[in-house]
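# Survey of secondary and tertiary structure
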Amino acid sequence: MPTIKIFPHPEYCPKGAEITAPAGTSICEALLENHINIEHACEMSCACTTCHVIVRQGFSSLNEAEEGEEDLLDRAWGLEPQSRLSCQAILAQQDVTIEIPKYSINHAKENH
Ligand code: FES
């Protein structure tokens, strides 16, 4: 089973975390199942950007982003070349390391 390492995030996992999930699971589902309650405002239907993560390692092992995901990502806070919407990023057999951005678009609206 692939391991997902998560960088420390002040709200979701202050000390960082390491979880496992079966291949074929989306990163978002894996996080939620392990009580890392990343935002998922559209209930994982690829219609928001709140589940944005940056894949620091293992990016190429994931399924490719479809056009709809790419379009949404353009609007995400803190976009990077290795950004994915975690509900659309499906684990293969390989381990991945992810970072949850400090803000999502919801926070950005409230604070800026
Ligand atoms: S939860 Fe909305 S796009 Fe992933």
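The coordinates are above.
Residues numbered from 1 in each chain as written. Predicted model: local features only at pLDDT ≥ 70, side-chain atom pairs only at ≥ 80, totals over all residues. Heavy atoms only, no water.

## Here's the deal with the environment of Val53
The test is simple: By definition, any uninterrupted DSSP run of H or I lasting at least four residues is a helix, any uninterrupted run of E lasting at least two residues is a strand, and each is numbered from the N terminus. Each residue is assigned to one of three classes by its accessible area relative to the maximum for its type, calculated with a 1.4 Å probe on protein chains only: buried under 20%, partly exposed between the two thresholds, exposed over 50%. The contact rule is simple, with two residues in contact once any of their heavy atoms fall within 4.5 Å.
Tracing the backbone through its elements, the reader meets Val53 in strand S3 (residues 52–57). On the basis of relative accessible area, Val53 is assigned to the buried category, the value being 0%. Separated by 45 residues in the primary sequence, Val53 and Ile98 place their C-alpha atoms 6.5 Å from one another. Excluding residues that lie within four positions of it along the chain, Val53 makes contacts with Ile38, Gln82, Ser83, Arg84, Ser86, Ile98, Glu99, Ile100 and Pro101.

## Considering the environment of Ile19
Its location among the elements puts Ile19 in strand S2 (residues 17–20). With 18 residues separating them along the chain, Ile19 and Asn37 place their C-alpha atoms 13 Å apart. In this view, Ile19 contacts Pro2, Thr3, Ile4, Ile6, Ala30, Leu31, Asn34 and Ile36; residues no more than four positions away in its chain are not counted.

## Some remarks on unusual backbone geometry
We note that His35 has phi near 65 degrees; this positive angle belongs to a residue other than glycine. Locating His35 in the fold gives a position in the loop between helix H1 (27–33) and S3. Accessibility expressed as a relative area gives 66% for His35, which makes it exposed. Positioned with a positive phi, Met44 is a non-glycine residue whose angle comes to about 65 degrees. Structurally, the position occupied by Met44 is in the loop between H1 and S3.

## Thoughts on the nonpolar core
In globular proteins that are soluble, nonpolar side chains generally tend to be buried together. Our working rule: Only buried residues count toward a nonpolar core, which is a set of Ala, Val, Leu, Ile, Met, Phe, Trp, Tyr and Cys residues joined through side-chain atoms within 4.5 Å.
Residues Ile4, Ile6, Leu31 and Ile98 are the most contacted members of the largest nonpolar core, which totals 27 residues. Counting only elements with at least two residues in this core, the list comes to strand S1 (3–6), H1, S3, helix H2 (67–73) and strand S5 (96–99). With five residues, H1 is the single largest residue contributor to this core. Once you skip the residues sitting within four places of it in the chain, Leu31 turns out to touch Ile6, Ile19, Ile36, Ile38 and Ile98.

## Section: the pattern of salt bridges
Pairs can form between side chains of opposite charge whenever their charged atoms are close. Where we set the bar: One speaks of a salt bridge when a side-chain nitrogen belonging to Lys or Arg is within 4 Å of a carboxyl oxygen belonging to Asp or Glu.
Per the counting criterion, the structure on display carries three salt bridges. A salt bridge links Arg56 to Glu80; the shortest N-O distance between them is 3.0 Å. Taken as a pair, Arg56 in strand S3 and Glu80 in the loop between H2 and strand S4 (83–85) lie far apart in primary sequence, 24 residues in all. For Arg56, a relative accessible area of 29% translates into the label partly exposed. When the shortest N-O distance is used, the salt bridge between Arg84 and Glu69 registers 2.8 Å. Taken together, the residues Arg84 in strand S4 and Glu69 in helix H2 connect sequence positions 15 residues apart. Judged by its relative accessible area of 2%, Arg84 falls in the buried class. Residues joined in a network through salt bridges with shared partners are Arg56, Glu80 and Glu99.

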